[in-house]
Amino acid sequence: MAVFKPENVEDLYEIGEVLGSGHFGQVRQVRERASGKCWAGKFLKIRKNSCSRLGLDRSSVEQEVEILQAVQHPNIVILKDVFESRAEVVLILELVSGGELFDFIAQKDNLLESEAIEFMKQILQGLSFMHSKNIAHFDLKPENVMLSDNVSPHPNIKLIDFGLAHLFHQGEEYRSTSGTPQYIAPEVINNEPLSTAADMWSIGVNTYILLSGLSPFQGDTNEDTLKNVIAMNYEFHAQYFSTTSSMAKDFIQKLLVKNPNERMTAEECLLHPWIKPITRKQVAN
Ligand SMILES: COc1cc(-c2ccc3ncc(-c4cccc([C@@H](O)NCCN(C)C)c4)n3n2)ccc1O
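Conventions used here
Residues numbered from 1 in each chain as written. Predicted model: local features only at pLDDT ≥ 70, side-chain atom pairs only at ≥ 80, totals over all residues. Heavy atoms only, no water. Axes fitted to C-alpha atoms, helices over the stretch in contact; angles between N-to-C directions. Helix = DSSP H or I, 4+ residues; strand = E, 2+ residues; numbered from the N terminus. Parallel < 35°, antiparallel > 145°, perpendicular 65-115°, else oblique. Contact = heavy atoms within 4.5 Å. Nonpolar A, V, L, I, M, F, W, Y, C, P; charged D, E, K, R; others polar. Core = buried A, V, L, I, M, F, W, Y, C linked by side-chain atoms within 4.5 Å. Buried < 20%, exposed > 50% of the residue type's maximum accessible area, 1.4 Å probe, protein only. Near = heavy atom within 4 Å.

Draft legend 1. How the structure looks around the packing of helix α6 (residues 197–212) against helix α9 (residues 246–253). At their nearest, the axes of α6 and α9 sit 8 Å apart, and the two run at 150° to each other. Comparing the axis directions of α6 and α9 gives the class roughly antiparallel. Residues I203, G204, T207, Y208 and L211 of α6 form the contact with α9, whose own contacting residues are A248, F251 and I252. Residue classes in the contact of α6 with α9 are distributed as six nonpolar, two polar and no charged.

Right under this line is the structure:
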């Protein structure tokens, strides 16, 4: 069993404002007393015993910590420290100040395809690194793609929220139906054995949204959305994709493939001509 620091987190950090909350618990800004530097504290309630319904299993928190410790990359949020007291675990994480990628995009009149490519390239670089370590994120969605800051013209992408992430062990079969309906792959819905390829389906959905603002499988209800995913029921609506390059559509089509084994991998995505132009003319788009 992993041992986290037993010190009271408030002895070392001043606890600040709530930055956000979700299934994972609360994220608060914290200031390191010794250095004055600000970090993000992810506060997680831990189940007191197996009968308790409130809080997270300690084992799931241990897996998230193990994964975060294994993925030190410029495009993945860095884990600095972990504290545990009573029924709470606190992850001290790199503070990501630029907000969510899609809020950044929503504030712009329109996103150039060249800008979308730059963002997607960084997401794929972080994801390719994770997949090289047999780790899948399993919750890739706009809210979990954040920007390091909102001042530089070319902000850095930071992937967050590894609460559903999984480290695959040799020969292991792993199934899970967790995730957000709009972004999950057909094999997740069908409770079939999963692999890092499920992330690549989500990348296809995120790219479709990045370029159009539309969600390809979104239905009126979650049930309708899941039916659309299973039926592969999506199209490039002319009203939203009239100026989108054929290369971009080809990129998406090579990810929204039902058979996980036939989907592009993150490495193959980084070599796709939409991401890595072959000719100088392509770069002009
Ligand atoms: C590593 O796991 C997580 C990290 C973070 C994280 C890390 C650094 C960091 N700096 C700023 C923030 C932040 C700022 C505003 C809102 C949120 C969060 O509540 N919403 C993000 C998306 N949500 C679906 C996780 C997080 N974060 N969030 C949030 C949730 C996680 O499960």
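Draft legend 2. Molecular detail of the nonpolar core. Counting 77 residues, the largest nonpolar core has L91, L101, M120, L124, L159, I203 and F251 as its most contacted members. If one sorts the elements of this core by residue count, α6 sits on top with nine residues. Each residue touching F251, except ones within four places of it in the same chain, is listed here: M120, L124, I203, T207, M264, C269, H272, W274 and I275. Listed in part, the eight residues of the second largest apolar core include V9, F83, V90 and I92.

Draft legend 3. Broad picture of the site of the ligand. Of all residues adjacent to the ligand, which total 21 residues, the nearest are G20, K42, V96, E143 and D161. Broken down by secondary-structure element, the contributors of at least two residues to the shell around the ligand are β1 (13–22), β3 (38–45) and α2 (58–70). Sort the elements by how many residues they give to the shell around the ligand and β1 lands first, with three residues. Of the residues in the shell around the ligand, the class split is twelve nonpolar, three polar and six charged.

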